[in-house]
Amino acid sequence: MAFSDAIFAIIITLLVLDLRVPDVPPGRLLRGLLDQWPSYVAYLASYSYVAVVWLNHKAAFNRIQQADRGLHFVNLFVLFSTALLPFPTIVVSDALQEHNNADQRVAVAFYALIGALLCATWLAFYHYLARNPDLLKDQVKDDFFRVERVRALTGVVLYVLAGLVGYLVAPLIGLAVFVLLPVFYAITSAGLYQSRLTRGMTRRPRPPT
């Protein structure tokens, strides 16, 4: 866990390096800062994503009693894909500031690809735990990580759709989805059916008396 936490801390530190003092003439600092809005949006999207990955990672390992070699490998895949996020963040930020529509479409599609890859590694992580319940603490329900695979698969689908919409329709729509998706994962970080919102959505109505 200490190794994973250190990786997340490094990733978040790398994200902020894209926020730079604008190179503008004297008296144009405010304009220069405002023109960098794509950097702020890209940073918000990626910081939020890394933050909820960390929350999900903590929530998962709080339910794990012991780790074997296979779990270490799938955990490394999660860290690998998370560590890629600073790169597409810079690509999106630069493309939006250059105002080239073709490059913006490619940049958004590239970010979506990395986002989908990260969700896919989480799918593998949850699948491994679902197949190896002996690694879990006794109080963890047998179907907990089987259900969690739905969250990961949802992310894969939504990031792919956001990439397609951003590439084929409008890059800013894809960017909006990137900002909103971490909200879903933050709300459900304790488990798909553990939060108040999802419990309310999935609670069956009482039969009439």
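Not measured: the values here are computed from a predicted model.

### Concerning the packing of aromatic side chains
Right, on to step 1. A complete count under the given rule lists 12 aromatic pairs for this structure.
Right, on to step 2. Seen from their ring centres, Phe61 and Phe125 are 5.9 Å apart, and the 45 degrees between their planes marks the pair as tilted. Linking Phe61 in helix α3 (residues 37-61) with Phe125 in helix α6 (residues 101-131), this pair joins segments that are 64 residues apart in sequence.
Right, on to step 3. Between Phe125 and Tyr126 the ring centres are 6.0 Å apart and the planes differ by 70 degrees, which places this aromatic pair in the edge-to-face class.

### A few points about the nonpolar core
Right, on to step 1. Tyr49, Phe125, Phe145 and Phe178 are the most contacted members of the largest nonpolar core, which has 45 residues in total.
Right, on to step 2. Of all elements in the fold, only α1 (2-16), α3, α4 (69-83), α5 (86-98), α6, α7 (144-168) and α8 (171-187) reach the threshold of two or more residues within this core.
Right, on to step 3. Per element, the largest residue contribution to this core is 13 residues, and it comes from α6.
Right, on to step 4. The residues contacting Phe125, other than those within four sequence positions of it, are Ala60, Phe61, Ile64, Leu71, Val74, Asn75 and Val78.

### Describing unusual backbone geometry
Right, on to step 1. Positive phi, normally seen in glycine, also occurs at His99, with a value near 60 degrees.
Right, on to step 2. Along the chain, His99 turns up in the loop between α5 and α6.

### Some thoughts on the packing of α1 against α4
Right, on to step 1. Between α1 and α4, the least distance of the axes is 10 Å, while the angle of their chain directions is 10 degrees. If you check the angle between α1 and α4, you find them roughly parallel. For the pair formed by α1 and α4, the contact residues are Phe3, Ser4, Ile7, Phe8 and Ile11 on the first element and Asn75, Leu76, Leu79, Thr82 and Ala83 on the second.

### Description of α7
Right, on to step 1. With 25 residues, α7 ought to run about 36 Å at 1.5 Å a step, and its terminal C-alpha atoms sit 37 Å apart, in line with that.
Right, on to step 2. Regarding α7, the residues found buried are Phe144, Phe145, Glu148, Arg151, Ala152, Gly155, Val156, Tyr159, Ala162, Gly163 and Gly166.
Right, on to step 3. For α7, the secondary structure elements touched by its buried residues are α3, α6 and α8.

### Quick notes on the side chain of His57
Right, on to step 1. Note that His57 resides in helix α3.
Right, on to step 2. Among the residues examined, His57 registers a relative accessible area of 0% and is labelled buried.
Right, on to step 3. Side chain to side chain, His57 and Asn75 meet in a polar contact 2.6 Å long.
Right, on to step 4. Leaving out residues up to four positions away in the same chain, His57 has contacts with Met1, Ser4, Phe8, Asn75 and Trp122.

### Quick look at the environment of Tyr128
Right, on to step 1. Tracing the backbone through its elements, the reader meets Tyr128 in helix α6.
Right, on to step 2. As a C-alpha pair, Tyr128 and Phe145 span 17 residues in sequence and 8.7 Å in three-dimensional space.
Right, on to step 3. Ignoring anything within four residues of it in the chain, the contact list for Tyr128 reads Asp68, Gly70, Leu71, Val74 and Leu135.

### Thoughts on the pattern of salt bridges
Note on pairing: side chains with opposite charge can pair once their charged atoms come close.
Right, on to step 1. As enumerated under the stated definition, the model contains 4 salt bridges in all.
Right, on to step 2. A salt bridge links Arg31 to Asp35; its shortest N-O distance comes to 3.6 Å. Residue Arg31 and its partner Asp35 are both found in helix α2 (residues 29-35); the two are separated by 4 residues, about one turn of the helix.
Right, on to step 3. For Arg151, the salt bridge goes to Glu148, with nearest N and O atoms at 2.8 Å. In this pair, Arg151 and Glu148 both sit in helix α7, 3 residues apart, roughly one turn of the helix.
Right, on to step 4. For Arg151, a relative accessible area of 1% corresponds to the buried category.
Right, on to step 5. Given a relative accessible area of 3%, Glu148 falls into the buried group.

Cut-offs applied
- Residues numbered from 1 in each chain as written.
- Predicted model: local features only at pLDDT ≥ 70, side-chain atom pairs only at ≥ 80, totals over all residues.
- Heavy atoms only, no water.
- Phe/Tyr/Trp six-rings, centres within 6.5 Å; stacked < 30°, edge-to-face > 60°.
- Helix = DSSP H or I, 4+ residues; strand = E, 2+ residues; numbered from the N terminus.
- Core = buried A, V, L, I, M, F, W, Y, C linked by side-chain atoms within 4.5 Å.
- Buried < 20%, exposed > 50% of the residue type's maximum accessible area, 1.4 Å probe, protein only.
- Contact = heavy atoms within 4.5 Å.
- Axes fitted to C-alpha atoms, helices over the stretch in contact; angles between N-to-C directions.
- Parallel < 35°, antiparallel > 145°, perpendicular 65-115°, else oblique.
- Expected span 1.5 Å × (residues − 1).
- Polar contact = N/O pair within 3.5 Å; in protein donor to acceptor, adjacent residues only side chain to side chain.
- Salt bridge = Lys/Arg side-chain N within 4 Å of Asp/Glu carboxyl O.

Treat this as a map of the structure, not an account of what it does.
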